[in-house]
Amino acid sequence: GESVGLHLPTLSVQEGDNSIINCAYSNSASDYFIWYKQESGKGPQFIIDIRSNMDKRQGQRVTVLLNKTVKHLSLQIAATQPGDSAVYFCAENLLGGGADGLTFGKGTHLIIQP
Amino acid sequence: ETGVTQSPTHLIKTRGQQVTLRCSSQSGHNTVSWYQQALGQGPQFIFQYYREEENGRGNFPPRFSGLQFPNYSSELNVNALELDDSALYLCASSSTRGPGRSNEKLFFGSGTQLSVL
């Protein structure tokens, strides 16, 4: 079964508000995590990644938080824009991965309200 | 744009046929991975190639096979197509810089949408 999951299948936010997308993982051996954004008809687009030796990493308008104690990952998007509307996936990589590939969750559909 | 290109973009086949999908990796990337994404699901790992050899494989039957060429481009072949093989097939490339790091900074193409009738 999947070891990476998302708490909500759909998240609706107002344009300009901050969005928080959550992800729970179950494998304590995972050492690397990635967030992807997938728009309709396109492949997953890399957003940001984080290693297990970090708790937080910031990019442009995005922040990823990792809580290893409760095996929780979140993606924060500041000042959400219409172009942020997409399905967001978290993915994990097992330590020494390659042989197992990335494990993806089912995704959260982010809907932006005008 | 990631620089990962896939062809064709769409394909319709009938059950029992064979299909070959192609992928050109991003410049400078030496590792290619293939994923299958069913409608409404996250991508599932099929296999990965590094230096023209299979570096890892997910839970897919042997009728799913692949190749990586010296220029790091890749093919995915599926024999004896089944209806459940209908999905978006994604190719991703990365630059493996050390053991266990082949899944880092994985960049995906736009995929090939395969429909099996």
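Residues numbered from 1 in each chain as written. Chains lettered and ligands numbered in written order. Predicted model: local features only at pLDDT ≥ 70, side-chain atom pairs only at ≥ 80, totals over all residues. Heavy atoms only, no water.

Let's shift gears to the overall build of chain B. Helix and strand counts for chain B stand at zero helices and 11 strands. By the compact-globule yardstick of 13 Å for 117 residues, chain B fits well, its C-alpha radius of gyration being 13 Å. Based on the C-alpha atoms only, the size of chain B along its principal axes is roughly 40 × 30 × 25 Å. A total of 117 residues make up chain B; the buried ones form 50% of that total. When contacts within chain B are restricted to residue pairs at least 6 apart in sequence, those whose partners lie at least 24 apart make up 55%. For chain B, the accessible surface area stands at approximately 5,700 Å², while carbon and sulfur atoms represent 48% of it. With 9 positive and 9 negative side-chain charges, chain B shows a separation of 3 Å between the mean positions of the two kinds. (Helix = DSSP H or I, 4+ residues; strand = E, 2+ residues; numbered from the N terminus. Rg over C-alpha atoms; globule rule 2.2 N^0.38 Å. Buried < 20%, exposed > 50% of the residue type's maximum accessible area, 1.4 Å probe, protein only. Contact = heavy atoms within 4.5 Å. Areas by Shrake-Rupley, 256 points an atom, 1.4 Å probe, with all protein chains shown as cover. Lys, Arg positive; Asp, Glu negative; His and termini not counted. Charge placed at Lys NZ, Arg CZ, Asp CG, Glu CD.)

On to the pairing of strand E9 (residues 86-94) of chain A, then. All names here are of chain A. Counting buried positions over the nine residues of E9 gives seven, a clear majority of the element. The pairing of strand E4 (residues 30-38) with E9 spans eight bridges and is antiparallel. By the bridge assignment for E9, Lys37 is matched with Tyr88. As paired strands, E9 and strand E10 (residues 102-104) are joined by three bridges and run antiparallel to one another. Within E10, the position partnered with Ala91 by the bridge is Phe104. (Pairing = 2+ DSSP bridges.)

What follows is about the side chain of Ser94(B). Here Ser94(B) is to be found in strand E9 (residues 87-94). When sequence neighbours within four positions are dropped, the list of residues in contact with Ser94(B) reads His29(B), Asn30(B), Thr31(B), Ser102(B), Glu104(B), Lys105(B) and Leu106(B).

Before going further, it helps to examine the pattern of salt bridges. On inspection of all chains with the given rule, the structure shows nine salt bridges over all chains. Two residues, Glu39(A) and Lys42(A), come together in a salt bridge whose shortest N-O distance is 3.8 Å. Using a relative accessible area of 44% as the deciding quantity, one classes Lys42(A) as partly exposed. Here the salt bridges share partners, and the residues they tie into one network are Asp49(A), Arg57(A) and Lys105(B). (Salt bridge = Lys/Arg side-chain N within 4 Å of Asp/Glu carboxyl O.)

One frequent convention defines the size of an interface as the accessible area lost when the parts assemble. Each side of the interface is counted separately: chain A has 25 residues, and chain B has 24 residues. Summed over both partners, the interface of chain A with chain B comes to about 1,800 Å²; 49% of that surface belongs to carbon and sulfur atoms. The interface formed by chain A and chain B includes one salt bridge. For Lys105(B), the salt bridge is made with Asp49(A), and the minimal N-O distance between the two is 2.5 Å. At the surface where chain A touches chain B, the tally comes to five residue pairs in polar contact (both at pLDDT 80 or more). Among the elements that line the side of chain A that touches chain B, the one with the most residues is E4(A), at five residues. Classifying every residue of the side of chain A that touches chain B gives nine nonpolar, nine polar and seven charged. (Buried area = accessible area lost by both parts, 1.4 Å probe. Polar contact = N/O pair within 3.5 Å; in protein donor to acceptor, adjacent residues only side chain to side chain. Nonpolar A, V, L, I, M, F, W, Y, C, P; charged D, E, K, R; others polar.)

Time to look at the nonpolar core. In this structure, Trp35(A), Leu73(A), Leu75(A), Tyr88(A) and Leu110(A) are the most contacted members of the largest nonpolar core, which totals 20 residues. Counting residues per element, the ones that place at least two in this core are strand E2 (10-14), strand E3 (19-25), E4, strand E5 (45-51), strand E7 (62-67), strand E8 (72-77), E9 and strand E11 (108-113) of chain A. For Leu110(A), the contacting residues outside a window of four places in its chain are Leu11(A), Val13(A), Ser19(A), Ile77(A), Thr80(A), Asp84(A), Ser85(A), Ala86(A) and Tyr88(A). Among the nonpolar cores identified, the runner-up in size contains 19 residues, and Val4(B), Val32(B), Phe47(B) and Cys91(B) belong to it. (Core = buried A, V, L, I, M, F, W, Y, C linked by side-chain atoms within 4.5 Å.)

Right, let's get into the environment of Phe45(B). Residue and element names in this part refer to chain B. By the secondary structure assignment, Phe45 is in strand E5 (residues 44-50). Owing to a relative accessible area of 6%, Phe45 belongs among the buried residues under this scheme. Between the alpha carbons of Phe45 and Gly58 there is a distance of 5.4 Å; along the sequence they are 13 residues apart.

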